[in-house]
Amino acid sequence: MTTAPGGALLVVGDVVTDVVARHWGPLAAGTDTAAEIRTVAGGAGANVACWAAHWGCPEVRLLGRVGTDAASWHERELTASGVRPRLVVDEEAPTGTVICLVDTGASAERTFLTDSGASLRLDPGDWSDALLDGVARLHLSGYLLFSEPSRALVSVALASARARGVPVSLDPASAGFLTELGVDRFLELVAGVDVLLPSRDEACLLTGLPDPADAAAKLSRYAPLVIAKQGAEGALVARAGAVRAHVPATPATPRDTTGAGDAFTGAFLAALLTGAEPEDAAREGCRAGALAVERVGGRPPGRGEGGRG
């Protein structure tokens, strides 16, 4: 599964506005709960692209769909992160918005309230085979599978990538949305994907197995390479029906776990594009995930803020 160095990464996925509310103590129904609230650029697909660029991928492109309300802001934010955006501006739907409720306890666990808006209105008309010119890897955000227009886009993009011999990775994105879509339907839609990057919960949901290692192993019968993200327990690398490596997490003090999985995926793909083996790429993913949870929001540090280390 190693890719020869060189070539661009194309990410197709969601671009949304995140409203992150870090609250102290449980939410108090019917009254006020003190919180620190910030509005930041987000979206799983966009976050992956930004982390890949931050982790040294020389050329990262992003196809996404936004509303007229925030198109210019998102384009500026992506460009500033080193990503080449191709944003389709939707005249009928607003930019997707996610309210991220983050508990400031030790785990900094988060709950999402999601209005997908324009982000899941990507459709085959937004695709062009020319998007793959010079591309060495295609990454698809799993959120695209949760609406009919963007599912159709996934099908077209997968067929185009197969025709060119471009390997494809996909992050299942959301256990909640996966439950609505259905496991069998998901596995049917991702047939032909080379790398799956589920979270622990997503891997267990997709296989019906309670043990994450068993789940990762089973999933690797559907995709040649499975990287199961385990949060504070690192990552599992599975191939051909067996777990081949357990990569430990990089220690971190969490402030906000929003986008940690996206950071892992972006750094993992950037490392693969330099020719790294999957186990070494997963270590880079763990490093990026640790950096992400110590920040508020799902994007990497800006230039001049520090970074890879």
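For the structure itself, look to the data block above.
Residues numbered from 1 in each chain as written. Predicted model: local features only at pLDDT ≥ 70, side-chain atom pairs only at ≥ 80, totals over all residues. Heavy atoms only, no water.

Undergrad: Please clarify how the sheet that holds strand 7 (residues 110-115) should be interpreted in this entry.
TA: Where strands meet in a sheet, backbone hydrogen bonds hold them as pairs that are either parallel or antiparallel. Here we have four strands laid out as an open sheet, ordered 3-2-6-7, and mixed in their pairing. The sheet is open, and its two edges are formed by strand 3 (35-42) and strand 7, each paired on a single side. Adjacent strand axes in the sheet meet at a mean angle of 20 degrees, parallel and antiparallel pairs treated alike. Bridging between strand 6 (residues 96-103) and strand 7 involves six bridges; their strand directions are antiparallel. (Pairing = 2+ DSSP bridges. Helix = DSSP H or I, 4+ residues; strand = E, 2+ residues; numbered from the N terminus. Axes fitted to C-alpha atoms, helices over the stretch in contact; angles between N-to-C directions.)

Undergrad: Help me understand the pairing of strand 6, please; the structure alone is not making it clear to me.
TA: Both faces of the sheet carry side chains from a regular strand, because those side chains alternate between them. When strand 2 (residues 16-23) meets strand 6, the two strands line up parallel, connected through eight bridges. Bridge pairing in strand 6 places Thr17 opposite Thr97.

Undergrad: What is the right way to read helix 8 (residues 260-273) from this model?
TA: Because an α-helix packs 3.6 residues into every turn, residues spaced three or four apart end up facing the same way. End to end, helix 8 covers 20 Å across 14 residues, agreeing with the expected 20 Å (1.5 Å per residue, within 8%). With 13 of its 14 residues buried, helix 8 lies for the most part within the structure. (Expected span 1.5 Å × (residues − 1). Buried < 20%, exposed > 50% of the residue type's maximum accessible area, 1.4 Å probe, protein only.)

Undergrad: Even after reading the chapter, I still don't get unusual backbone geometry, so can you show me in this structure?
TA: Phi at Ala173 takes a positive value of approximately 90 degrees, unusual for a residue other than glycine. You can see Ala173 is positioned in the loop between strand 9 (168-171) and helix 4 (175-181). In the Ramachandran plot, Ala240 falls in the positive-phi region, its phi being about 50 degrees despite a non-glycine side chain. Summarising the element assignment, Ala240 is placed in the loop between strand 12 (235-239) and strand 13 (242-247). Overall, the relative accessible area of 62% leaves Ala240 in the exposed class.

Undergrad: When you look at the sheet that holds strand 10 (residues 195-196) in this model, what are you seeing that I'm missing?
TA: Across the sheet, nine strands lie side by side as 5-4-1-8-9-10-11-12-13; this open sheet has mixed pairing. Each edge of the open sheet is held by one strand with a lone partner, namely strand 5 (83-90) and strand 13. As paired strands, strand 9 and strand 10 are joined by two bridges and run parallel to one another. By the bridge assignment, Leu170 is partnered in strand 10 with Leu196. Packed on one face of the sheet, helix 7 (residues 212-219) meets strand 10, strand 11 (225-229), strand 12 and strand 13 and runs near 35 degrees to strand 12. (Contact = heavy atoms within 4.5 Å.)

Undergrad: Got a minute to help me understand the nonpolar core in this structure?
TA: Most often, soluble globular proteins have nonpolar side chains that are buried together. If you look at the biggest cluster of nonpolar residues, it comprises 45 residues, and the most contacted ones within it are Val12, Trp127, Leu138, Leu140, Leu145 and Phe186. With five residues, the single largest contributor to this core is helix 3 (residues 148-164). Discounting chain neighbours no more than four positions away, the residues touching Trp127 are Leu10, Val12, Leu63, Leu132, Leu153, Val156, Ala157 and Ser160. Core analysis: the next-biggest nonpolar cluster, separate from the first, contains 44 residues, Cys57, Leu62, Leu78 and Cys286 among them. (Core = buried A, V, L, I, M, F, W, Y, C linked by side-chain atoms within 4.5 Å.)

Undergrad: What's the story with the packing of aromatic side chains in this structure? I'm lost.
TA: The description of an aromatic ring pair uses the distance of the two centres, along with the angle that the planes make with each other. Under the counting rule described, the total for this entry stands at five aromatic pairs. Judged by centre distance (6.1 Å) and plane angle (85 degrees), the rings of Tyr143 and Phe146 are edge-to-face. The same class applies to Tyr143 and to Phe146, which are both buried. Here a set of aromatic residues connected by ring pairs shows up, and it is made of Tyr143, Phe146 and Phe177. (Phe/Tyr/Trp six-rings, centres within 6.5 Å; stacked < 30°, edge-to-face > 60°.)

Undergrad: Would you mind showing me how to read the side chain of Asn47 here?
TA: When you line up the elements, Asn47 lands in helix 1 (residues 44-54). In contact with Asn47, other than residues within four places in its own chain, are Ala41, Gly42, Gly259, Asp262, Gly298 and Arg299.

Undergrad: Got a minute to help me understand the side chain of Ser220 in this structure?
TA: Note on placement: Ser220 falls in the loop between helix 7 and strand 11. In contact with Ser220, not counting residues within four places along its chain, are Val226, Ala238, Arg239, Ala240, Gly241 and Ala242.

Undergrad: How do you make sense of the packing of helix 6 (residues 200-207) against helix 7 when you look at a structure like this?
TA: Pairs of packed helices are described in terms of their axes, by the angle between the two and the distance that separates them. Viewed as axis vectors pointing N to C, helix 6 and helix 7 meet at an angle of 65 degrees, and their least axial separation amounts to 8 Å. Seen from above, helix 6 lies across helix 7 with left-handed handedness. Facing Arg200, Ala203, Cys204, Leu206 and Thr207 of helix 6, the residues of helix 7 in contact are Pro212, Ala215, Lys218 and Leu219. (Left-handed = near helix turned anticlockwise from the far one by under 90°.)

Undergrad: What exactly am I supposed to notice about helix 9 (residues 278-293) here?
TA: Spanning 16 residues, helix 9 covers 22 Å between terminal C-alpha atoms, matching the ideal 22 Å at 1.5 Å per step. Across the 16 residues of helix 9, 13 count as buried, placing the element largely inside the fold.

Undergrad: Honestly, the pattern of salt bridges in this entry has me stumped. Any pointers?
TA: Opposite charge on two side chains allows them to pair when their charged atoms are near. One pass over the full model with this rule turns up 15 salt bridges. A salt bridge links Asp133 to Arg164, with the shortest nitrogen-to-oxygen separation between them at 2.8 Å. With Asp133 in the loop between strand 7 and strand 8 (135-141) and Arg164 in helix 3, this residue pair connects regions lying 31 residues apart in the sequence. Judged by its relative accessible area of 39%, Asp133 falls in the partly exposed class. (Salt bridge = Lys/Arg side-chain N within 4 Å of Asp/Glu carboxyl O.)

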